[in-house]
Amino acid sequence: MTSKTSKGRMSWWQLSLLGIGCTLGTGFFLGTSMAIHKSGPAVLIPFLLAAICTYIVYDALVKMSVENPDKGSFRTYAKQAFGRWAGFSNGWVYLMSELLIMGSQLMALGIFTRFWFPALPLWISAAIYAVLGLVVILTGMKGFENFQNIFGALKAAAIIMFIIVAVIIILKGTQAATLDSLQANYESFFSQGMKGIWLGLLYAFYAYGGIEVMGLMVIDLKNPQEAPKAGRIMLVVITIIFILAIALALALVSWKDFSIDESPFITALHGYHIPFVADIFNGVLIIAGFSTMVASLYAVITILITLAEDHDAPDILAKKGKMKVPFPAFIFLTSGLVITIVIGFLMPEKIFEYLITAAGLMLIYNWLFILVTYRKLMALSKWAYVKNNIGILLIIVTVSGTLGEKTSRLGFYVSLLFIVLIGLATWFVVKRQRNITQ
């Protein structure tokens, strides 16, 4: 790999803040309930394993980024490692998965907003959030950075507030229910067995989703050599926050009382009659969902432009005008959002759930490709090779966990269908390119 000079302006701590803003979203605030439902109190183990794998993936991506800062990030490195087919397929797999996930995030935001405005139609609130997200993207990198820093701080503050309140409740020990839930969760820690931990891994991985966006931002660092430090600090902070918050929620309420339709932190505090707690956390859910959606928008438009510049998407999508974002790419992004919102509202709920599970799996496939690319491009030490294998193994185990239940199993099959379709498109594009050059 050849090195390039970076002309970024971000400090490492700003990248850490951006990472928190991009990662701390509805996957944690809401999806943790599903992980608890699958794993029971042992949910802490899947979260620790997911944190280890996330670090391994980020470490691999950032080392390639430091060696060769490129705005195409993982898809550019895949192309360098394996050829055009890898760059094309990698970019489109990521782009399609993020577009589908954004559709689900907009639907979730509409549902959260109904808590305060029950009469507001879902499509109207989803459209409002979509427009606001696109406005943030139009402000360019500087606006995106400022936005994520503010919202990242607000989300972290909300979880820290929950941790402080939960600790105070436990120290006061005013309710026997706290001791009962602690004892019940301790006694049933492994009640769901190894299968529960296996099934819970997928939802724990979702909570760390967004780490690849940090890889796209390495090129904006003043000193790309500080990127590994930014990721390490961000992941240590966010993992401590995740583990502490989940452990304290389990200390307040028996794991069987958590509902998959409600944030575990609202459930944990519900019985303690703290004023405005539901309103505060509903606001946090909206902030979390919106900021991770904006991070996805940024990632999609960045990958889309690099695809167009490499002739893996229509060239016009990279055409620059007076706007900070190429207008054709912005129109494509807007159209994609509209289509995913319409699909989400028209399609039966279960089928849309399969699509979202598939999209999440496609993100994990992307992580797997990052590790394989890293092994191909870089000279690995023995320890780096072992780490790489551990990461690959954890991803394979997580993906195989989708076969353990019907909904995620069907989502796995849908993800394979997407991979096949993108594979066919890749074959067609590469073959046509060969015919042109001959």
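Located above this text is the structure these notes cover.
Everything numeric here is computed off the predicted structure, so don't read it as measured data. (Residues numbered from 1 in each chain as written. Predicted model: local features only at pLDDT ≥ 70, side-chain atom pairs only at ≥ 80, totals over all residues. Heavy atoms only, no water.)

A.B. asks: What should I look at first to understand the overall build of the protein chain in this one?
C.D. replies: Helix and strand content of the protein chain: 18 helices and zero strands. In summary, the protein chain has a C-alpha radius of gyration of 21 Å against a globular reference of 22 Å for 438 residues, a match within 12%. Here the protein chain holds 438 residues, and 57% of them are scored as buried. A sequence separation of at least 24 residues applies to 82% of the contacts in the protein chain between residues at least 6 apart. (Helix = DSSP H or I, 4+ residues; strand = E, 2+ residues; numbered from the N terminus. Rg over C-alpha atoms; globule rule 2.2 N^0.38 Å. Buried < 20%, exposed > 50% of the residue type's maximum accessible area, 1.4 Å probe, protein only. Contact = heavy atoms within 4.5 Å.)

A.B. asks: What exactly am I supposed to notice about the environment of Ile-241 here?
C.D. replies: Its location among the elements puts Ile-241 in helix H12 (residues 227–252). Looking at Ile-241, the relative accessible area reads 11%, which means it is buried. Along the backbone, Ile-241 and Ile-163 are 78 residues apart, and their C-alpha atoms lie at a distance of 8.4 Å. Not counting residues within four places of it along the chain, the set of residues in contact with Ile-241 comprises Ile-159 and Ile-163.

A.B. asks: Quick question: what am I supposed to make of the packing of aromatic side chains here?
C.D. replies: What describes a pair of aromatic rings is the distance from one ring centre to the other and the angle between the planes of the rings. Inspection of every chain in the model, using the stated rule, returns 23 aromatic pairs. Measuring from ring centre to ring centre gives 5.3 Å for Phe-28 and Phe-265, while their planes differ by 40°; the resulting arrangement is tilted. Pair noted here: Phe-28 is in helix H2 (residues 26–29) and Phe-265 is in helix H13 (residues 264–270), with a separation of 237 residues, a long-range link. Accessibility expressed as a relative area gives 0% for Phe-28, which makes it buried. Assessed through its relative accessible area of 0%, Phe-265 is described here as buried. Consider the rings of Phe-74 and Tyr-94, whose centres lie 4.9 Å apart with planes at 70°: the pair is edge-to-face. (Phe/Tyr/Trp six-rings, centres within 6.5 Å; stacked < 30°, edge-to-face > 60°.)

A.B. asks: Would you mind going over empty space enclosed by the protein with me for this structure?
C.D. replies: Any empty space left between atoms is shown by rolling a water-sized probe over those atoms. Summed over the entire model, instances satisfying the criterion amount to one cavity of 30 Å³ or more. Reported here for the largest cavity is a volume of approximately 40 Å³. The wall of the largest cavity is formed by Ile-56, Asp-59, Ala-60, Leu-371, Tyr-374, Ala-384, Lys-387 and Asn-388. If you list the elements that add at least two residues to the lining of the largest cavity, you get helix H4 (44–67), helix H16 (349–377) and helix H17 (382–400). Counted by class, the lining of the largest cavity contains five nonpolar, one polar and two charged residues. (1 Å grid on protein atoms, 1.4 Å probe; cavity = no way out; pocket = protein on both sides within 12 Å on 5 of 7 lines; lining within 4 Å. Points joined across faces, edges and corners; volume = space filled by probe spheres on them. Nonpolar A, V, L, I, M, F, W, Y, C, P; charged D, E, K, R; others polar.)

A.B. asks: Which parts of the structure should I look at to understand the packing of helix H7 (residues 122–138) against helix H15 (residues 327–346)?
C.D. replies: Packed helix pairs are specified by the crossing angle of their axes together with the interaxial distance, meaning the distance between the axes. Relative to each other, H7 and H15 sit at 160°, their axes nearing to 11 Å. Taken together, H7 and H15 sit at an angle that is classed as roughly antiparallel. Crossing handedness for the pair H7 and H15: right-handed. Residues Leu-122, Trp-123, Ala-126, Ala-130, Leu-134 and Leu-138 of H7 form the contact with H15, whose own contacting residues are Phe-330, Leu-333, Thr-334, Leu-337, Ile-341 and Phe-345. Its residues placed into classes, the contact of H7 with H15 shows 11 nonpolar, one polar and no charged. (Axes fitted to C-alpha atoms, helices over the stretch in contact; angles between N-to-C directions. Parallel < 35°, antiparallel > 145°, perpendicular 65-115°, else oblique. Left-handed = near helix turned anticlockwise from the far one by under 90°.)

A.B. asks: Sorry, what's going on with a nonpolar patch on the surface here?
C.D. replies: Together, Ile-52, Trp-383, Val-386 and Ile-390 give the surface a local cluster of nonpolar side chains, amounting to about 380 Å² of exposed area. Looking at which element gives the most residues to the nonpolar patch, the answer is H17, with three residues. Residue placement: Trp-383 occurs in helix H17. Overall, Trp-383 belongs to the exposed group, its relative accessible area being 56%. (Patch = residues over 30% accessible without salt bridge, like charges linked within 9 Å, V, L, I, M, F, W, Y side chains within 5 Å. Areas by Shrake-Rupley, 256 points an atom, 1.4 Å probe, with all protein chains shown as cover. Salt bridge = Lys/Arg side-chain N within 4 Å of Asp/Glu carboxyl O.)

A.B. asks: Looking at this model, I keep getting lost on the side chain of Thr-398. Mind explaining?
C.D. replies: Looking at the element boundaries, Thr-398 is found in helix H17. Note on Thr-398: relative accessible area 0%, which makes it buried. In contact with Thr-398, other than residues within four places in its own chain, are Leu-201, Leu-202, Phe-205 and Ile-364.

A.B. asks: Is there a simple way to think about the pattern of salt bridges in this case?
C.D. replies: Side-chain pairing between opposite charges can occur once the charged atoms of the two side chains come close. Inspection of the entire model under this criterion finds seven salt bridges. Between Lys-63 and Asp-59 there is a salt bridge whose closest N-O contact spans 3.2 Å. Here Asp-59 and Lys-63 lie together in helix H4, a separation of four residues that amounts to about one turn. By relative accessible area, which is 31% here, Lys-63 ends up partly exposed. Asp-59 gets classed as buried once you look at its relative accessible area, which sits at 5%. Across the pair Lys-79 and Asp-310 runs a salt bridge whose closest N-O atoms are separated by 3.7 Å. Here Lys-79 is found in helix H5 (residues 73–82), whereas its partner Asp-310 is found in the loop between helix H14 (277–309) and H15, with 231 residues between them in sequence. Classification of Lys-79 by relative accessible area gives partly exposed; the value is 27%. A network of salt bridges, in which partner residues are shared, links Arg-75, Lys-79, Arg-84, Asp-310 and Asp-312.

A.B. asks: Hey, could you run me through the layout of surface pockets in this one?
C.D. replies: Computed from the structure, the second largest pocket encloses a volume of approximately 530 Å³. Along the walls of the second largest pocket sit 18 residues, with Lys-71, Met-141, Tyr-298, Thr-302 and Lys-324 positioned nearest its centre. Listing elements by their share of the lining of the second largest pocket, those giving two or more residues are helix H8 (140–172) and H14. The greatest single-element share of the lining of the second largest pocket, amounting to four residues, is contributed by H14. Residues of the lining of the second largest pocket, tallied by class, amount to 11 nonpolar, two polar and five charged.

Shape descriptors only; they carry no functional weight alone.
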